[in-house]
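Fold and geometry: a report
So you can see what is in the structure, the chains are spelled out below.
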Amino acid sequence: MEIKEERSSDEARQFLPSSQVDSLGEPQFTSIQRIANEPKLEFSLACKDLAAATRDRKLNTFIQVSVVHPAEHILTRYSSTEIVEGTRDPLFLTGVTFPPEYPIYEETKIKLTVYDVKDKSQDTVRTGVLPDHKEPRADVGRSFLGCTAFRVGDLVKSKEQQLTLTLRTSDGGRTVGTIEVNLVKMGELEDGETDHITTDAQDQKCALVRECTATEGISGKDNLPSLNAVLKNPICKLYRFPTSDNKWMRIREQMAETTLSFHVPKELINLHIKEDMRRNQELKDLGELAPHWDNMRKSVIAHCDQMLSMYQDTLAELGKHAGSSFKSSCSKGEKTLEFIPINLHLQRMDVHSPRLKDALYDVITVGAPAAHFQGFKNGGLRKLLSKFEAERRNTGYQCIYYSPENTAKAKEVLSNINHLQPLISSHADLLLNSASQHSPDSLKNSLKMLSEKTELFVHAFKDQLVRSALLALYTARPGCVLKQPAVPRNSAEEGGDLQHQDHPSQIKRQDSIPHHSEYDEEEWDRVWANVGKSLNCVIAMVDRLLEKDNISNIKEGENDPSAADCKVLHTGGDWYEQLYPLVITLKDCMGEVVTRAKQSMAFVLLQELACGLPQCLMLTLRRDIVFSQALTGLVCGFIIKLHTGLHDQGFLQQLHTVGLLVQYEGLLSTYSEEAGMLEDMAVGISDLQKVMFKVIEAKSEDFLPVITGRREHYVIEVQLPAKMFELLPQEIKQGKLLRMYPVLFNVGINEQQTLAERFGDTTLQENINQENLELLKEYYKLFTEKMPPDCLPHFQEQNDLKGLLENLHQNIQAKKRKNVEIVWLAAMICRKLNGVRFTCCKSAKDRTSMSVTLEQCSILRDEHQLHKDFFIRALDCMRREGCRIENVLKNVKCRKYAFNMIQLMAFPKYYRPPEGTYGKADT
């Protein structure tokens, strides 16, 4: 956040009181912390009567802010204001803010240095490194005017909370003007009046036009532990902009990285390792196979073991990055970090304006999810998956072809088996335990749970795939002779005898499952049905025991109470003895079904892997990498959105009734490598549809999310402290799974997109936008159908949403070059539907910065009455001195956006940074 430049002890000491210099050995400092999680100190700046070197010179000035820490002998350059042009009385829109963790005290000294910029394009001092005590050379584009300093305690304790300081030349002689320093408190107006903002109770039913109105809930103490577990290293900037009615609004811009950047990928890789180890074991448990199939299995397992080893090595490498929460754009091609999202940050704008509700606007910024280390020579996932499936379908392989739907079904069946079998076994044991204790109520409850899980288990195998796979596995056993060889469609007669199976070169691809004359297809039906029959026997026996028990109790109770007690004990033994063999039979039948079903589904997966080695595993790896990056951003976005919406009952109802809209804005071109990145990104975002969220109450101080599931289905458990958890609707508290609706709209804006539009192909972008428009329309339809009438937006706002969707549709159909209105409209619709916003380019550094700052200023203009004459100036402030230039510094160690003049000529007008903030960045 700051660039530290050490100065000599003598020079720093001149800003410290002599008494403090003498006592630096044992400092006693006074804290100025006011509110938890709020900045420690914020102030705005203005100058008056600045003296120019020549009478006719119009000054273009900015103020550089430096800090002298009372416990240290160094001066730290901290921040700068924007450049104000053509005046000797500049009023700076960029303020100064110190975050909660910054070590600032009443004894801290702050130095203010005023510079006159002669040529903004040559103003390299603020973007490069120059010792603070040295005046810049004339050829760097600026000149020193004067400086002053003040003690923080003097500002905080001043009656008017304002200081007027005299600017002097470096030798302390001549006066060159004054600086006004005003203490800022968010939520108060410039004249000191408190801004009493009332909340419309009726409008509070369903917040559809704002991100969050309850800012007190966001900065409240209850939210701190769980949010601090996710967010890290915040950067904060302060602005004041005039409104259209000449009032001041205050804006706090924040940016923070997240600990999830490494946590989620590590959790995910760990799940991949467990899933792959289980699959490898299932392949080994297939039993004895004919030589051809056995050789195939050995080859598949060998390749799978190599991939498994690679995942384990990657996890071990990531384990070395303990405490890391950020992957820079320079590291996007590093193999050990390929599962980690690039430059993932929360970008937040907190707006306080007179007579309008305070509001928060959040955007998650992240590099496009893509496999950079794998490269894009052959395209990205969208193209590679399509090509692979076509080759697998049309090329003669030595295996049986199963469609992607069938292989997905096989994985689902295996997952259901692994989930349900231990549950059924556990409920069966509970049933026997209830029988031994002679507890009728407990027996009924145990039977109910056992029945429900067993029925789910039986229905999991109601699929033709299991039956056909069992037949295929039968034909792959050693010694199997096909008396009536199958003649597959569009292929020659299969070699079916054992001699032919010894020679894989003679085995051709089968497009359908062969029928075997000696195979009893009804056997599986009998085995499968035996589970249901066994369960019916258990149910009948329980009903009989309970009925006898009721009759016996009535009779014995009438004759002799003590005899009834003896009967109870005797009957308890009978219950267990009579149920035990039936339960064992149920378990045996279930075990036989599990063995056969597992082997048949593992055989299907063997075909999937064997048909495409090694491409199949490499595509799985690529998809895992891209999905890991996409999922990490989603988890971060969901947690932030949940925290900001905890006091919004309309949003919470929408969350569990409809689901959460997640809108991605892409700025990638469709030319060269970026086309491959866009293909990766499109698949990664689409894969997020298989992710569900569940909110649970935290049982410890560890609030990090927990991930469970497999590649086809994941559940993210988000933990909340007890006080926050109590704010949730009953449905969410009871564990209802929350659905995600991810959509992606992409518009390339750089010079490469110009080449694509004129000489290349833009159909990829057009297809992606059209497909995701349909998904967005589906979400809006669900929203209008499922949300109750009192929670729908007012008629006019609902019409606005319809109009925006229609406008978006027209813009997508228009196929206009660099039509950024598409992403503007998509973002607006997302905000109105309480969605989570993402903005992505290759590294989330340059184009992303242009986009989020433009979005922030557009919101200020459209929602908070930013004065129209200050729109461009506000935009330049945020790009020159805001959080995004700090993001650039964080990534490439230089405060310059990586654009040149030629590139910017191809950019849409409002995506061009201010002069002096771009150029070649030495990384």
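What you are looking at is a predicted structure, and each value in this text was computed from that prediction instead of being measured. (Residues numbered from 1 in each chain as written. Predicted model: local features only at pLDDT ≥ 70, side-chain atom pairs only at ≥ 80, totals over all residues. Heavy atoms only, no water.)

**What about the overall build of the chain?**
Defined as follows: Only DSSP runs of H or I with at least four residues qualify as helices, and only runs of E with at least two residues qualify as strands; both kinds are numbered from the N terminus onward. Think of it in three bands: with a 1.4 Å probe and only protein chains considered, a residue is buried below 20% of the maximum accessible area for its type, exposed above 50%, and partly exposed in between. Residue contacts are counted whenever heavy atoms from the two residues lie within 4.5 Å of one another. Per-residue accessibility takes into account occlusion by the displayed protein chains alone, with areas from the Shrake-Rupley method and a 1.4 Å probe.
A count of helices and strands for the chain gives 27 helices and 20 strands. Relative to its 923 residues, the chain shows a buried fraction of 56%. Put simply, 77% of the contacts in the chain that link residues at least 6 apart link residues at least 24 apart. Just so you have it, the chain exposes about 39100 Å², and 49% of that area is on carbon and sulfur atoms.

**A closer look at the packing of helix α15 (residues 615-644) against helix α17 (residues 673-686)**
Definition in use: For helices, the fitted line uses only the C-alpha atoms of the stretch in contact; every axis is such a line through C-alpha atoms, and the angle between N-to-C directions lies from 0 to 180 degrees. Roughly parallel means an angle under 35 degrees; roughly antiparallel, over 145; roughly perpendicular, 65 to 115; everything else is oblique. If you view the pair so one helix is near and one far, a crossing is left-handed when the near helix is turned anticlockwise from the far one by less than a right angle, and right-handed when it is turned clockwise. All residues other than Ala, Val, Leu, Ile, Met, Phe, Trp, Tyr, Cys, Pro, Asp, Glu, Lys and Arg, Gly among them, are scored as polar; the first ten of these are nonpolar and the last four charged.
One way to put it is that α15 packs onto α17 with a least axis distance of 9 Å and a crossing angle of 70 degrees. When the interaxial angle is binned, α15 and α17 end up roughly perpendicular. Crossing of α15 against α17: the hand is right-handed. Contacts between α15 and α17 involve Arg-622, Arg-623, Val-626, Phe-627 and Ala-630 from the first element and Asp-680, Val-683 and Gly-684 from the second. Here the contact of α15 with α17 is built from residues that sort into four nonpolar, one polar and three charged.

**Here's the deal with the sheet that holds strand β15 (residues 660-666)**
Hydrogen bonds along the backbone pair up the strands of a sheet, which may run parallel or antiparallel. Defined as follows: Here, strands pair whenever DSSP counts at least two bridges between them.
Read from one edge to the other, the open sheet built from ten strands follows the order β11-β12-β13-β14-β20-β15-β19-β16-β18-β17, with strand pairing classed as mixed. Both edges of this open sheet fall to β11 (231-242) and β17 (706-710), since each of them pairs with a single strand only. Sheet twist, expressed as the mean angle between neighbouring strand axes with direction ignored, is 25 degrees. Bridging between strand β16 (residues 691-697) and strand β19 (residues 738-746) involves two bridges; their strand directions are antiparallel. Its bridge partner lying in β19, Met-692 is registered against Arg-739. In this fold helix α25 (residues 871-881) packs onto β11, β12 (248-258) and β13 (345-352), with an angle of close to 150 degrees to the strand it touches most, β11.

**With respect to the pattern of salt bridges**
As a working rule, side chains carrying opposite charge can pair if their charged atoms are close by. Inclusion rule: Salt bridges are defined as contacts in which a side-chain nitrogen from Lys or Arg sits within 4 Å of a carboxyl oxygen from Asp or Glu.
One pass over the full model with this rule turns up 31 salt bridges. For the salt bridge of Lys-411 with Glu-712, the shortest nitrogen-to-oxygen distance reads 3.9 Å. Of this pair, Lys-411 sits in helix α9 (residues 404-436) while Glu-712 sits in the loop between β17 and β18 (713-720), placing them 301 residues apart in sequence. Asp-862 is the salt-bridge partner of Arg-861, the closest N and O atoms lying 2.9 Å from each other. The exposure class of Arg-861 is partly exposed, given its relative accessible area of 40%. By relative accessible area, Asp-862 is classed as partly exposed at 48%. Taken together, the shared-partner salt bridges in this structure form one network comprising Glu-275, Asp-276, Arg-279, Asp-624 and Arg-711.

**Concerning the nonpolar core**
Short version of the rule: Side-chain atoms within 4.5 Å link the members of a nonpolar core, which is a set of buried Ala, Val, Leu, Ile, Met, Phe, Trp, Tyr and Cys residues.
Residues Phe-457, Phe-461, Leu-579, Met-601 and Phe-603 are the most contacted members of the largest nonpolar core, which totals 85 residues. Of the residues forming this core, the biggest block, 17 residues, is contributed by helix α14 (residues 561-610). Of all hydrophobic cores here, the second largest spans 60 residues; its members include Leu-346, Phe-638, Leu-652 and Met-677.

**Section: the packing of helix α6 (residues 260-284) against α15**
Interhelical geometry of α6 versus α15 gives an angle of 130 degrees and a closest axis separation of 9 Å. By the angle class used here, α6 and α15 are oblique. For the element pair α6 and α15, the recorded crossing hand is right-handed. Seen from α6, the contacting residues are Leu-260, Ser-261, Val-264, Pro-265, Leu-268 and His-272; seen from α15, they are Asp-624, Phe-627, Ser-628, Leu-631, Thr-632, Val-635, Cys-636 and Ile-639. Classifying every residue of the contact of α6 with α15 gives nine nonpolar, four polar and one charged.

**With respect to the side chain of Arg-895**
The cut-off we apply is this: Whenever two N or O atoms come within 3.5 Å, that pair is a polar contact, provided that in protein one can donate a hydrogen and the other can accept it, and provided that, for residues adjacent in sequence, both atoms are side-chain atoms.
Tracing the sequence through the fold places Arg-895 in the loop between α26 (883-892) and α27 (901-905). A polar contact is formed between the side chain of Arg-895 and the side chain of Glu-886, at a distance of 3.1 Å.

**Regarding the confidence of the model for the chain**
Quick note on the threshold: Confidence of the predictor at the level of single residues is given by pLDDT, which spans 0 to 100.
Averaged over every residue, the pLDDT of the chain is 83; the share at 70 or more is 81%. Low confidence marks residues 124-139, where pLDDT is under 50. Its contacts with residues over four positions away, or in another chain, come to 43 contacts.

**Some thoughts on a nonpolar patch on the surface**
Our working rule: In this scheme, patches are assembled from residues that exceed 30% relative accessible area and form no salt bridge. Like charges are connected within 9 Å, while nonpolar side chains (Val, Leu, Ile, Met, Phe, Trp, Tyr) are connected within 5 Å.
A contiguous nonpolar surface patch, about 250 Å² in accessible area, is contributed by Tyr-576, Tyr-580 and Ile-584. Along the chain, the position of Ile-584 falls in helix α14.

**Thoughts on the pairing of strand β4 (residues 75-80)**
With respect to burial, β4 is a largely interior element, six of its six residues being buried. Two strands pair when backbone bridges link them, and strand β3 (residues 60-68) and β4 are joined in this way by five bridges, in the antiparallel orientation. Considered in β4, the bridge of Val-68 is made with Leu-75.

**Notes on the environment of Ile-812**
Tracing the backbone through its elements, the reader meets Ile-812 in helix α22 (residues 795-814). Residues Ile-812 and Asn-769, spaced 43 residues apart in sequence, show a C-alpha to C-alpha distance of 6.9 Å. Setting aside residues no more than four positions away along its own chain, Ile-812 makes contact with Phe-745, Asn-769, Gln-770, Leu-773 and Ile-822.

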